[in-house]
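# Examining the three-dimensional arrangement
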Amino acid sequence: MRDVTSILPLHVDGVCFAAAGRNLVDAASFSVPPGGLTVLLGPNGAGKSLMLRLCHGLLRPSAGAVRWASGAGGRAKRHAMVFQKPIMLRRSVEANIAHALAAAGHSGPERRSRGREALARFGLSDRATQAARLLSGGEQQRLAIARAWALRPELLFLDEPTSQLDPAATRQIEELLAGLVAEGITVMMSTHDLGQARRLADRVLFLHRGRLIEDAPAESFFAGPRAAEARAFLAGELIW
Amino acid sequence: MDLAAIFQAAFALVVGLDPAFLAIVSLSLQVTLTAVLIAGLVGLPLGAALALARFRGRSVVIVVLNALMGLPPVVAGLMVFLALSRSGPLGSLGLLFSPSAMIVAQVILVLPIVIALTRQTVEDLWIEYRDHLRSVGLDGARAIPTLLFDGRFALATALLAGFGRASAEVGAVLIVGGNIAGYTRTMTTTITLETSKGDLPLALGLGLVLIALTLAINAVAFGASRIGARYAG
Ligand SMILES: Nc1ncnc2c1ncn2[C@@H]1O[C@H](COP(=O)(O)OP(=O)(O)O)[C@@H](O)[C@H]1O
Ligand SMILES: [Mg+2]
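What counts, and at which threshold
- Residues numbered from 1 in each chain as written.
- Chains lettered and ligands numbered in written order.
- Predicted model: local features only at pLDDT ≥ 70, side-chain atom pairs only at ≥ 80, totals over all residues.
- Heavy atoms only, no water.
- Helix = DSSP H or I, 4+ residues; strand = E, 2+ residues; numbered from the N terminus.
- Buried < 20%, exposed > 50% of the residue type's maximum accessible area, 1.4 Å probe, protein only.
- Contact = heavy atoms within 4.5 Å.
- Lys, Arg positive; Asp, Glu negative; His and termini not counted.
- Charge placed at Lys NZ, Arg CZ, Asp CG, Glu CD.
- Axes fitted to C-alpha atoms, helices over the stretch in contact; angles between N-to-C directions.
- Parallel < 35°, antiparallel > 145°, perpendicular 65-115°, else oblique.
- Nonpolar A, V, L, I, M, F, W, Y, C, P; charged D, E, K, R; others polar.
- Patch = residues over 30% accessible without salt bridge, like charges linked within 9 Å, V, L, I, M, F, W, Y side chains within 5 Å.
- Areas by Shrake-Rupley, 256 points an atom, 1.4 Å probe, with all protein chains shown as cover.
- Salt bridge = Lys/Arg side-chain N within 4 Å of Asp/Glu carboxyl O.
- Core = buried A, V, L, I, M, F, W, Y, C linked by side-chain atoms within 4.5 Å.
- Buried area = accessible area lost by both parts, 1.4 Å probe.
- Polar contact = N/O pair within 3.5 Å; in protein donor to acceptor, adjacent residues only side chain to side chain.
- Near = heavy atom within 4 Å.
- Phe/Tyr/Trp six-rings, centres within 6.5 Å; stacked < 30°, edge-to-face > 60°.
- Pairing = 2+ DSSP bridges.

### Some remarks on the overall build of chain B
- Counting its regular elements, chain B contains 10 helices and 0 strands.
- Start at the N end of chain B and walk to the C end: the helices and strands fall as α-α-α-α-α-α-α-α-α-α.
- In terms of overall dimensions, chain B has a C-alpha envelope of 70 × 50 × 25 Å along the principal axes.
- The buried share of chain B, reckoned over its 233 residues, is 45%.
- Across chain B, every contact between residues at least 6 apart in sequence was considered, and the portion connecting residues at least 24 apart equals 72%.
- Both charge centroids of chain B, one from 14 positive and one from 11 negative side chains, sit 9 Å from each other.

### Details of the packing of helix H7 (residues 152–168) of chain B against helix H10 (residues 200–232) of chain B
All names here are of chain B.
- Contact geometry of H7 with H10 gives a least axis separation of 8 Å together with a crossing angle of 170°. In terms of axis orientation, H7 runs roughly antiparallel to H10. Counting all contacts with H7, which are made through Arg-152, Phe-153, Thr-157, Leu-160, Phe-163, Gly-164 and Ser-167, the residues of H10 involved are Leu-210, Leu-213, Ile-217, Val-220, Ala-221, Ala-224, Ile-227, Gly-228 and Tyr-231.
- Split into classes, the residues belonging to the contact of H7 with H10 amount to 11 nonpolar, 4 polar and 1 charged.

### Details of a nonpolar patch on the surface
- A cluster of nonpolar side chains, contributed by Leu-37, Ile-38, Leu-41, Val-42 and Leu-46 of chain B, occupies part of the molecular surface with about 450 Å² of accessible area.
- Locating Ile-38 of chain B in the fold gives a position in helix H2 (residues 19–52).

### Regarding the nonpolar core
Residues and elements named next belong to chain A.
- One finds Leu-41, Ile-145, Leu-177, Leu-180 and Phe-221 to be the most contacted residues of the largest nonpolar core, which totals 49 residues.
- Counting residues per element, this core draws most heavily on helix H4 (residues 137–150), which supplies 7 residues.
- Discounting residues that sit within four places of it in the chain, Leu-41 has contacts with Lys-48, Thr-191, His-192, Asp-193, Leu-194, Ala-197, Val-204, Leu-205, Phe-206, Leu-207, Phe-221 and Phe-233.

### A few points about the interface of chain A and chain B
- Taken residue by residue, the interface counts 21 residues in chain A and 19 residues in chain B.
- Summing both partners gives a buried area of about 1,900 Å² for chain A against chain B, and 52% of it is carried by carbon and sulfur.
- Our enumeration of links across chain A and chain B arrives at 4 salt bridges.
- A salt bridge links Arg-53 of chain A to Asp-131 of chain B; its shortest N-O distance comes to 2.8 Å.
- Taken together, the links from chain A to chain B amount to 11 residue pairs in polar contact (both at pLDDT 80 or more).
- Secondary-structure elements contributing two or more residues to the side of chain A that touches chain B are helix H1 (48–56) and helix H2 (93–103) of chain A.
- A per-element tally of the side of chain A that touches chain B places H2 of chain A first, with 3 residues.
- For the side of chain A that touches chain B, the residue count by class is 11 nonpolar, 3 polar and 7 charged.

### A few points about the side chain of Arg-53 of chain A
- Note that Arg-53 of chain A resides in helix H1.
- Residue Arg-53 of chain A is classed as buried on the basis of its relative accessible area of 19%.

### Details of the site of ligand 1
Residues and elements named next belong to chain A.
- Residues in close proximity to ligand 1 include Ala-19, Leu-24, Pro-43, Asn-44, Gly-45, Ala-46, Gly-47, Lys-48, Ser-49 and Leu-50, which together make up its full environment.
- Within the contact set of ligand 1, an oxygen atom lies 3.1 Å away from a backbone nitrogen or oxygen of Ala-46.
- Lys-48 places a main-chain nitrogen or oxygen 2.8 Å from an oxygen atom of ligand 1.
- Burial of ligand 1 by the surrounding chains reaches 58%, relative to a free accessible area of 560 Å².
- With 3 residues, the top contributor of residues to the shell around ligand 1 is H1.

### Some thoughts on the packing of aromatic side chains
- Per the stated rule, a full pass over the model turns up 7 aromatic pairs over all chains.
- Look at Phe-206 of chain A and Phe-221 of chain A: their rings are 6.1 Å apart centre to centre, the planes differ by 35°, and that puts the pair in the tilted class. Taken together, the positions of Phe-206 of chain A in strand E8 (residues 203–208) and Phe-221 of chain A in helix H7 (residues 218–223) put the pair 15 residues apart, joining distant regions of the chain. Both residues of the pair, Phe-206 of chain A and Phe-221 of chain A, count as buried.
- With a centroid separation of 6.1 Å and 20° between ring planes, the pair formed by Phe-153 of chain B and Tyr-231 of chain B is classed as stacked. Of this pair, Phe-153 of chain B sits in helix H7 while Tyr-231 of chain B sits in helix H10; the two residues are 78 residues apart in sequence, bridging distant segments of the chain.
- On the basis of relative accessibility, which here comes to 25%, the residue Tyr-231 of chain B falls in the partly exposed class.

### A word on the sheet that holds strand E6 (residues 155–159) of chain A
Residue and element names in this part refer to chain A.
- Strands sit in the order E5-E6-E7-E3-E8-E9 across an open sheet of 6 strands; the sheet is mixed. Only two strands of the sheet have a single partner each, and these edge strands are strand E5 (79–82) and strand E9 (211–217). The mean angle between the axes of side-by-side strands here comes to 15°, regardless of whether they run parallel or antiparallel.
- Note that strand E3 (residues 37–41) and E8 share 4 bridges and pair parallel. Across the sheet, Thr-38 pairs through a bridge with Arg-203, a residue of E8.
- Taken strand by strand, H4 contacts E5 and E6, and its axis lies near 170° from that of E5.

### Structural notes on the sheet that holds strand E2 (residues 22–32) of chain A
All names here are of chain A.
- Strand order in the open sheet formed by 3 strands is E2-E1-E4, with antiparallel pairing between adjacent strands. Every interior strand has two partners, whereas the edge strands, E2 and strand E4 (63–68), have only one. Across the sheet, the axes of successive neighbouring strands diverge by a mean angle of 20°, strand direction being ignored.
- Two strands pair when backbone bridges link them, and strand E1 (residues 10–19) and E4 are joined in this way by 5 bridges, in the antiparallel orientation. Within E4, the position partnered with Cys-16 by the bridge is Ala-63.

See below:
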């Protein structure tokens, strides 16, 4: 079903985001080729959320550009985003998924079949008719991922998807993300959790005070980052 | 007539389905339901648009709307009277002292409630949903149907509040309707005028219907908020 032309790689060219006269994201440049899981790592306030929003198109860069290999515009933009705090509509679990599919322009039968598929894929079938907002935190985040997955994105952005969850739910989400990567979905997620980055990352983008300081394969990053700030962060000495 | 006899006669009117009595109840309901329907059709989208729009003077509009929620019904009635009177700007329509005039007056009373409460509900939801809705491509006006649907229980309560205000008021419908027997006589205008004329059973019977109506409105509002809480988590 997927278009032959891929929207990837994503090119981020000298992107800045300024607010109140300050560059909160400062001239970041990197690309995201298809495949793998890229972790946007950095302490609180580094600009991770801003960076993901810029990439996903929720924010407009004040300088520089976010470019996709082929048009990712239109109603079905083929990249999706899951937010730090799951945003659940005041509807049933299945209606949450159907709503996103309707917004992307899918027909009723398509919405139902994709919805069922997503619920089954993420173990939510027996919750289909429950009110989404009454799910547990972990289930809500799972639904948020299922809802994004139903849109069949090539690239999935996740902003600290486990920061609000307990360790058991965190482990579940991490397994699930690994499964998405195995399925061929390119994932870019932010975290300030070093352990999580170690467990999941194929590649690390280290962000500090709005600047992209290091861009390295996960193995070499964790073996010994080049930047002093990244070394300090790994040593637990960099708090913000 | 002693009090017991008045009550007895009032009950007889209510349960006896007296045609003249029923006509008054039915006209009241028709006028108010039509007014609420119009206010809903106009006010829900307008309130939602106001929630999402950013323009100069927006806060002034919001303050004025909130103030209009407390507009005294007699003042609304007076304004409609002036507009519809023979020398008024809409005098040629010949609507004064008709059910239509009463509907117009009640729309003016209900509309600010619907717009203001819709604005508040939709704006709160938008703040919560903004990121996700934009992410799936629903921005601006395209987000409105989602926001109205997800605010459905709060909005139902807003419409019920409007219904309550319109069905209880007497000043506006009396001024523009004129309490013409068999034509513009509503429950509240009848009670107001028949009490002083001495037809206490009729006034009391209508009073009982109004009490029942108020109870019903509140029961439905309570139910809506209970069901809403089930979805709101
Ligand atoms: N819209 C905004 N206006 C001004 N400052 C902002 C805005 N959004 C975020 N910031 C600031 O930018 C910095 C980076 O924010 P963010 O991307 O949320 O960091 P994090 O890496 O923790 O996700 C923070 O200092 C935050 O306070
Ligand atoms: Mg963040």
